[in-house]
Amino acid sequence: MTAPLRALRTASALALLVPLLVATTATSSAADTVVHEERVTVSDGVQLQMTLTSPGPVAARPTVIEFSPYGPGSQTFMPDAHYNHLLVQLRGTGSSSGGFDALGPRSQQDVAEVLQWACGQPWSNGRLGIHGFSASAIMIYNSMHLELPCVDTATLRSGTFELYRDLLMPGGVSNIVPGAAVILGIGALALAEAPDRASTDPIGSLDAVRGLLDSGLQAGFLHPTLDTFWQERGFRGDVNDLPILAVNGIFDVESRGAFQGYQELRDNGSHLLLAGGHDGFPAGTDNGQADMQAWYDHYLRDVDNGITEEPAVQLTLSDGDRGDMIAGQYLSRDGADWPLPGTTWAALNLDATRSGTAATLNDGTLTLGTPLASGAQTYVPLPTSPLATDSPTASLLDAAGLRLLTSQIPGLANMNGLVGLPGLSYTTPAFTQDVVSAGPASLQVRLSSTSPETAIWAVVSDVHPDGTAHPLTVGRLLSSFPDVIEEKSLKDASGTIVQPYGDYSAKTPLTGFLSPRLYQVEMWPLANRFKAGHRVRLDIVGASAFSLPTVPGVNTVEVGGDSGSRLLFPVLPESDIATALPLAAPAPQPTPTSPAPTAPAPDSAVVGTVTSLLTSVVAVLPSLGLLLGRR
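The shown structure was predicted, so the numbers you read here are calculated from the model rather than taken from an experiment.

**Some words on the overall build of the protein chain**
Secondary structure assignment for the protein chain yields 16 helices and 23 strands. By the burial criterion, 55% of the 631 residues in the protein chain qualify as buried. Counted over contacts in the protein chain with a minimum sequence separation of 6, partners at least 24 positions apart contribute 76%.

**Section: a nonpolar patch on the surface**
Residues Leu217, Phe221, Leu222 and Leu548 make up a contiguous nonpolar surface patch of roughly 370 Å² in combined accessible area. Mapped onto the fold, Leu548 is located in the loop between β21 (535-541) and β22 (555-559). For Leu548, a relative accessible area of 34% corresponds to the partly exposed category.

**Thoughts on unusual backbone geometry**
With an omega dihedral of -15 degrees, the bond running from Gly56 to Pro57 counts as a cis peptide bond. By secondary structure assignment, the location of Pro57 is in the loop between β2 (47-54) and β3 (61-68). Residue Trp338 is joined to Pro339 through a cis peptide bond whose omega torsion reads -10 degrees. In this structure, Pro339 sits in the loop between β10 (330-335) and β11 (344-351).

**Observations regarding the packing of aromatic side chains**
Between two aromatic rings, the relevant description is the distance of the centres plus the angle of the planes. Across all of its chains, the model carries 13 aromatic pairs by this definition. When the ring of Phe161 is compared with that of Phe235, the centres are 4.5 Å apart and the planes differ by 20 degrees; the resulting orientation is stacked. In this pair, Phe161 is assigned in the loop between β6 (151-157) and α5 (163-168) and Phe235 in the loop between α9 (228-231) and β7 (244-248), connecting sequence segments 74 residues apart. Under the relative-accessibility criterion, Phe161 is labelled buried at 5%. Measuring from ring centre to ring centre gives 5.0 Å for Trp295 and Tyr299, while their planes differ by 50 degrees; the resulting arrangement is tilted. Here the residue Trp295 and the residue Tyr299 both occupy positions in helix α11 (residues 289-301), the gap between them amounting to 4 residues, near one helical turn. Site record: aromatic cluster; members linked through ring pairs are Tyr164, Phe229, Trp230, Phe481 and Tyr504. Note that Arg165 overlies the ring of Tyr501, its terminal NZ or CZ placed 3.6 Å from the centroid. Above the ring of Trp457, the side-chain terminus of Arg476 is found at 5.7 Å from the ring centroid.

**A closer look at the side chain of Thr473**
For Thr473, the position within the fold is in strand β17 (residues 469-478). A polar atom in the side chain of Thr473 sits 2.6 Å from the backbone oxygen of Trp524. Filtering out sequence-adjacent residues up to four positions away, Thr473 remains in contact with Ser391, Ala458, Val459, Val460, Met523, Trp524, Pro525 and Leu526.

**Observations regarding the state of the cysteines**
Here the structure, examined in full by the defined rule, presents 1 disulfide. Note on cysteine connectivity: Cys119 is disulfide-linked to Cys150, with sulfurs 1.8 Å apart. The chirality of the disulfide connecting Cys119 with Cys150 is left-handed, given an S-S dihedral of about -65 degrees. Here Cys119 is found in helix α3 (residues 105-119), whereas its partner Cys150 is found in the loop between α4 (135-143) and β6, with 31 residues between them in sequence.

**Details of helix α10 (residues 255-265)**
One turn of an α-helix holds 3.6 residues; hence residues three or four places apart share an orientation. Buried residues dominate α10, accounting for 10 of its 11 residues. All of the buried residues along α10 are Ser255, Arg256, Gly257, Ala258, Phe259, Gln260, Gly261, Tyr262, Gln263 and Leu265.

**Comments concerning the pairing of strand β8 (residues 271-274)**
By the alternation rule, side chains of β8 split into His271 and Leu273 and Leu272 and Leu274, which are all buried. Across 4 bridges, β7 lies against β8 in parallel orientation. If you follow Val247 over to β8, its bridge partner there is Leu273. Regarding topology, α10 serves as the crossover connection from β7 to the parallel β8, and that connection is right-handed.

**Here we look at the pattern of salt bridges**
Applying the stated criterion across every chain, the model contains 23 salt bridges. Between Arg106 and Asp44 there is a salt bridge, with the nearest N and O atoms lying 3.9 Å from each other. Taken together, the positions of Arg106 in helix α3 and Asp44 in the loop between β1 (34-41) and β2 put the pair 62 residues apart, joining distant regions of the chain. Arg106 sits in the partly exposed class, given a relative accessible area of 22%.

**Details of the nonpolar core**
If you look at soluble globular proteins, the nonpolar side chains tend to sit buried side by side. Phe67, Val557 and Phe569 are the most contacted members of the largest nonpolar core, which totals 121 residues. Residues contacting Phe67, with those up to four places away along its chain left out, are Val88, Leu90, Val111, Val114, Leu115, Ser136, Met139 and Ile140. Membership of the second largest hydrophobic core comes to 14 residues, among which are Val64, Val247, Leu273 and Ala294.

**Considerations on the side chain of Asp351**
With respect to the secondary-structure elements, Asp351 resides in strand β11. Here Asp351 is buried and forms no salt bridge, its nearest opposite-charge partner Arg354 lying at an N-O distance of 11 Å. A polar contact of 2.8 Å, which involves the side chain of Asp351, links it to the side chain of Thr353.

**A short note on the pairing of β22**
Each regular strand displays side chains that alternate between the two surfaces of the sheet. Across the 5 residues of β22, 4 count as buried, placing the element largely inside the fold. Relative to β22, strand β13 (residues 375-379) runs antiparallel, the two being bridged by 5 bridges. Note on β22: the bridge partner recorded for Thr378 is Thr556.

**Quick notes on the environment of Leu572**
Along the chain, Leu572 falls in the loop between β23 (566-571) and α15 (577-580). Spatially, the C-alpha atom of Leu572 lies 8.3 Å from that of Gly439, the residues being 133 residues apart in sequence. Not counting the four nearest positions on each side in its chain, Leu572 is found in contact with Arg333, Leu340, Thr343, Val436 and Ala438.

**Thoughts on the confidence of the model for the protein chain**
With 81% of its residues at a pLDDT of 70 or more, the protein chain has an overall mean of 86. This model gives residues 10-29 a pLDDT under 50, and the stretch forms 11 contacts once residues within four places in sequence are excluded.

**Topic: the environment of Asp304**
Structurally, Asp304 is set in the loop between α11 and β9 (313-318). Assessed through its relative accessible area of 71%, Asp304 is described here as exposed. Measuring from C-alpha to C-alpha, the distance between Asp304 and Ala294 comes to 9.4 Å, with 10 residues separating the pair along the chain.

Parameters and conventions
- Residues numbered from 1 in each chain as written.
- Predicted model: local features only at pLDDT ≥ 70, side-chain atom pairs only at ≥ 80, totals over all residues.
- Heavy atoms only, no water.
- Helix = DSSP H or I, 4+ residues; strand = E, 2+ residues; numbered from the N terminus.
- Buried < 20%, exposed > 50% of the residue type's maximum accessible area, 1.4 Å probe, protein only.
- Contact = heavy atoms within 4.5 Å.
- Patch = residues over 30% accessible without salt bridge, like charges linked within 9 Å, V, L, I, M, F, W, Y side chains within 5 Å.
- Areas by Shrake-Rupley, 256 points an atom, 1.4 Å probe, with all protein chains shown as cover.
- Salt bridge = Lys/Arg side-chain N within 4 Å of Asp/Glu carboxyl O.
- Phe/Tyr/Trp six-rings, centres within 6.5 Å; stacked < 30°, edge-to-face > 60°.
- Lys NZ or Arg CZ within 6 Å of the ring centre and 35° of its normal.
- Polar contact = N/O pair within 3.5 Å; in protein donor to acceptor, adjacent residues only side chain to side chain.
- Disulfide = S-S within 2.5 Å.
- Pairing = 2+ DSSP bridges.
- Right-handed = clockwise from strand over helix to strand, strands pointing away.
- Core = buried A, V, L, I, M, F, W, Y, C linked by side-chain atoms within 4.5 Å.
- Lys, Arg positive; Asp, Glu negative; His and termini not counted.
- pLDDT = per-residue confidence, 0-100.

Spelled out as structure tokens, the structure:
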């Protein structure tokens with residue numbers, strides 16, 4: 001790290017730790033700040049509300065622009081006094097007229113037109129930067145196929161690269177509650193402006209309401225496959241060659257977007273910084289503020305501050321638990337690319353051998369090497385608590401205040417107890433030395449179901465020595481989407497797909513519970529140190545209650561043998577997982593004998609599946625009673 005940037009980061013962190021000092025400074029400088037409101041008419045006649053904030057007096061400076069659906073005062077980054085800042089309220093939101101189109105083509109055209117207008121304003125020196133957080137970052141990823149006039153760079157934080165895959169339909173599974181929360185949040189802020197809007201533009205008020213309702217209906221229910229609607233709301237190419245600073249946190253509700261954005265745009269000189277997201281940032285750090293400021297200084301003011309010589313990828317990793325990371329217990333790792341060079345993927349096979357560590361139906365094992373036992377294991381995919389099984393959304397809820405509750409009742413947010421009981425679990429032996437994992441993970445699982453469509457939901461946890469399982473990441477896939485697009489999937493050095501890029505263009509329903517498929521389930525990236533004495537656990541459970549339910553049924557997972565069911569687990573080159581997790585000793589083989597003639601046996605796969613199904617139904621009935629309050 002260069003000395004100027006180190007000093008800037010230290011100063012930023014100290015500022016965040018001293019809010020009274022920050023408040024005093026802001027108050028004393030407020031008299032010099034000029035805020036100017038203006039409405040700009042775009043090509044279809046819609047008027048967009050703009051707020052220019054200048055350190056005063058207003059003069060031609062480099063300007064950072066943010067396009068937000070969250071109304072007045074919703075800017076999320078304010079650069080220093082060398083810059084102007086322009087907040088643009090998207091159509092149909094806040095004080096702007098028109099109808100919201102879920103960050104679609106018309107809003108994207110607005111972005112290009114506003115940038116062209118801003119470039120020629122007297123307060124602009126012709127050098128523009130863009131900042132985005134969440135929806136305002138999504139807006140820019142969606143617009144990069146258009147020419148963005150006068151823009152030299154952007155910092156994009158915690159936004160989806162592809163709205164379908166990264167937030168609203170991950171794995172083709174409807175993420176209905178987070179999606180509804182976004183629409184309601186935008187709608188509530190728009191309604192707050194409704195009285196003023198209705199008095200001056202009653203027809204425009206109706207357009208705003210209609211746009212919000214239509215966006216919720218379209219994004220929530222009418223487009224289950226990745227069709228044109230979704231393609232128009234994701235990255236569709238880059239004609240600007242902009243160097244992007246992609247910022248996020250590993251547990252963010254939209255964490256996938258920053259990684260995919262970096263990978264697509266790295267040839268432009270883009271960087272990836274894991275510093276924090278919707279769920280907050282580690283205590284003692286500056287939330288990436290210094291890096292974003294330095295990024296603008298370099299690209300908009302030609303300051304030689306060393307930011308481009310920093311490692312292209314800078315990661316903040318958890319040390320066993322998300323809450324501990326936010327409290328300040330974390331690790332840092334840097335590298336020239338993502339995944340970090342030298343990363344390998346260990347194949348942890350799903351093994352029917354009982355681990356003796358989990359109170360689940362099967363209590364299976366994750367084995368590095370040939371599984372010792374095989375079988376067909378069934379579970380009932382009951383809806384599960386999102387606090388435990390949906391770590392991206394749970395982190396957002398924690399930041400909203402739920403952490404006060406989960407810290408007092410830890411069982412609400414871990415994979416122990418009733419959360420994992422109705423599902424299947426697979427756990428490694430305890431590591432004999434630390435293993436640092438960072439990279440995309442994936443689950444290959446051979447599964448069938450009595451339902452024509454079921455959500456495959458998998459959670460990876462760090463099991464501490466006291467037995468508590470702390471969820472780290474989740475994988476989701478609707479069974480109607482068994483195919484992957486191989487040319488867009490990430491492969492390791494051996495050619496194995498380690499990050500499958502699912503094909504969600506059309507559904508292919510299951511044909512019956514005796515016809516299993518091998519699915520490749522993409523999991524959100526991992527970045528965690530599993531310390532000596534800790535274990536990795538994979539839980540396969542019912543979908544989070546925050547997702548739309550599927551038709552009830554019973555799912556069967558085939559493990560061991562030639563099933564192919566395994567977790568592809570990323571390992572950094574500093575770790576030796578083969579030493580930390582020795583291969584299991586093979587089961588003793590019986591001495592071959594000449595068997596006596598026997599009558600033809602029924603198909604063993606059918607017998608195994610039916611037997612496992614009956615056993616699981618009997619085992620899960622007491623749990624169902626507990627969950628329904630009958631015992």
